[in-house]
Amino acid sequence: MDNDYNKDEIEEILKRYMGDSYKADEKPAEKPVEKPAEKPIEEPIEKPVEKPVEKPVEKPTEKPVKEEKDSKLSVKGVNRTGNGVVSGAPGSMLAKSSKVKVSKVELMKRQAETKKGTEKANKKVTKKAGKSKKKKTKKDMILNILLVIFIVTFLVSAGYLGMYYYNIHKAQKSFESLKDMIKDDAPGADVISYGTETDASEIKYVDINGVKVQEKFAELYASNNDFIGWLSIPGTEIDYPVMHTPRDEEFYLHKDFNGEKSASGTLFLAAKCDAIKPSDNVVIYGHNMKAGTMFHDLLKYETEDYYKEHNTFRFDTIQGNYEYEVIAAFRTEIKGEDNTFKYYEFINAKDKDEFDEYVSKVKSKTPYKIEETAEYGDKLVTLSTCAYHASEGRYVVVAKRKTK
């Protein structure tokens, strides 16, 4: 059967069965065909090999790469020349394998660089730590040295002070033993002499090497012929023997009664003075010991109240016992200028004017008023010690011998 129909016949058939719903002139609406999204043509680009994350790990032991004997290798018919050019398809296993090998080499190279950088950084840190440690060690060394110096200084100072006070104590004990040698029960031992034979008639004397010595001092003088008398100020620490060495004035400056070395020294007369005749002025020197011994108490005469409580003292010589009354007490200093008051040079007055001038000078330097004074013909004793108000400071107490 022939199924071929012409166009008109087909349209007639359609109209007959579909009626008005069919319009010959109208063509069925064409649905818009969605154009498929164009996919980018993938070119055979070589996928870059992701580099592994570099970790600061120890460098793997590098195996020595054996040199290829042949400059050309044949892998499945593909040649790789010695110049590093790989022949074959871009995505071939050979190309990928080649790139992986290059990456490993690069990785090893970078790991080596990283290790080198790490070692360099570690060296810097170590060097810095070394410097810091060195500085700390140096600082600790300095602190240790200072500590040692401090400890040594402390020990030396403590030792010095200990020895100083030990020697002072030893000297005081020695002076006490000397005092025990005085015979207070000897005839006339307590008699005050006023310069006449009648006044000294009750004193008993003994002859020692041609020198007349009152009996109470006989043992002391026999022990040391430099002994000239004993000075004592009631109510003070001053209670000591007095020495006289005209040929060497300061012989007892740092020596005890027996001539042994002593920081306290012993009281001594100025070389040109005479305690027996006596001279117009007898100058007696003594140390101002910080321990409060020797002539330290003289500085207390700076206050008027102290003067009033200690305005008299005794100076008994080998030939007589004498009492003195204070007329002046003052600070001064020893200098080389001509206008300096050289109290220590006044021994015997040339005349009344010189005597009166000396007395007037010492009284003017006293910070408070002392009514008692001295006249030409009186015998004076001047006590002198160091004072620390000046580099060559001195403290001086002047007294006159009482004449009833």
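Quick note: structure is the one above.
These lines cover the structure that appears in this document, whether it is placed above or below. (Residues numbered from 1 in each chain as written. Predicted model: local features only at pLDDT ≥ 70, side-chain atom pairs only at ≥ 80, totals over all residues. Heavy atoms only, no water.)

### Some words on unusual backbone geometry
Part 1 of the reasoning: Here K277 and P278 are connected by a cis peptide whose omega angle stands at -5°.
Part 2 of the reasoning: The residue P278 is located in the loop between β7 (267-269) and β8 (281-285) in this model.
Part 3 of the reasoning: With a phi close to 55°, N209 is a non-glycine residue in the positive phi region.
Part 4 of the reasoning: With respect to the secondary-structure elements, N209 resides in the loop between β3 (205-208) and β4 (211-214).
Part 5 of the reasoning: In this structure N209 comes out as exposed when scored by relative accessible area, which is 66%.
Part 6 of the reasoning: Its identity is not glycine, yet K404 carries a phi of approximately 65°, on the positive side.
Part 7 of the reasoning: Tracing the backbone shows K404 in the segment after β12 (393-401).
Part 8 of the reasoning: Judged by relative accessible area, which is 75%, K404 ranks as exposed. (Helix = DSSP H or I, 4+ residues; strand = E, 2+ residues; numbered from the N terminus. Buried < 20%, exposed > 50% of the residue type's maximum accessible area, 1.4 Å probe, protein only.)

### What about the pairing of β3?
Part 1 of the reasoning: In this structure, β3 lies alongside β4, joined through four bridges in antiparallel fashion. Looking across to β4, one finds that Y205 is bridged to Q214.
Part 2 of the reasoning: In this antiparallel pair of consecutive strands, β3 and β4, the connection spans two residues, and N209 shows a positive phi of 55°. (Pairing = 2+ DSSP bridges.)

### Focus: helix α5 (residues 352-364)
Part 1 of the reasoning: In this model α5 runs 18 Å from its N-terminal to its C-terminal C-alpha over 13 residues, within 8% of the 18 Å that 1.5 Å per residue would give.
Part 2 of the reasoning: By the burial criterion, the buried members of α5 are F355, Y358, V359 and V362. What you see down the axis of α5 is that its buried residues fit within an arc of 95°, all on one side. When the buried face of α5 is taken as reference, the exposed residues oriented beyond 90 degrees from it are D353, E357 and S364. (Expected span 1.5 Å × (residues − 1). Arc of directions from axis to C-beta.)

### Observations regarding the packing of aromatic side chains
Part 1 of the reasoning: Inspection of every chain in the model, using the stated rule, returns 15 aromatic pairs.
Part 2 of the reasoning: Their ring planes at 80° and their centres at 5.2 Å tell us that Y343 and Y344 sit as a pair that is edge-to-face.
Part 3 of the reasoning: Taken together, F330, F341, Y343, Y344, F346, F355, Y358 and Y376 form an aromatic cluster joined through their ring pairs.
Part 4 of the reasoning: Over the ring of Y205 we find K212, and its NZ or CZ is 4.6 Å from the ring centre.
Part 5 of the reasoning: One Lys or Arg, R401, reaches over the ring of Y322 and ends 3.6 Å from the middle of that ring. (Phe/Tyr/Trp six-rings, centres within 6.5 Å; stacked < 30°, edge-to-face > 60°. Lys NZ or Arg CZ within 6 Å of the ring centre and 35° of its normal.)

### Remarks on the pairing of strand β6 (residues 239-243)
Part 1 of the reasoning: Burial runs high along β6: four of the five residues are buried.
Part 2 of the reasoning: Of the strand pairs in this sheet, strand β5 (residues 227-232) and β6 are connected by five bridges, and their pairing is antiparallel. Counted as the bridge partner of W230 is P241 from β6.
Part 3 of the reasoning: The antiparallel hairpin formed by β5 and β6 contains six residues in its connecting segment, where G235 sits at a positive phi of about 80°.
Part 4 of the reasoning: Inspection of the sheet shows β6 paired to β7 by two bridges, in the parallel sense.

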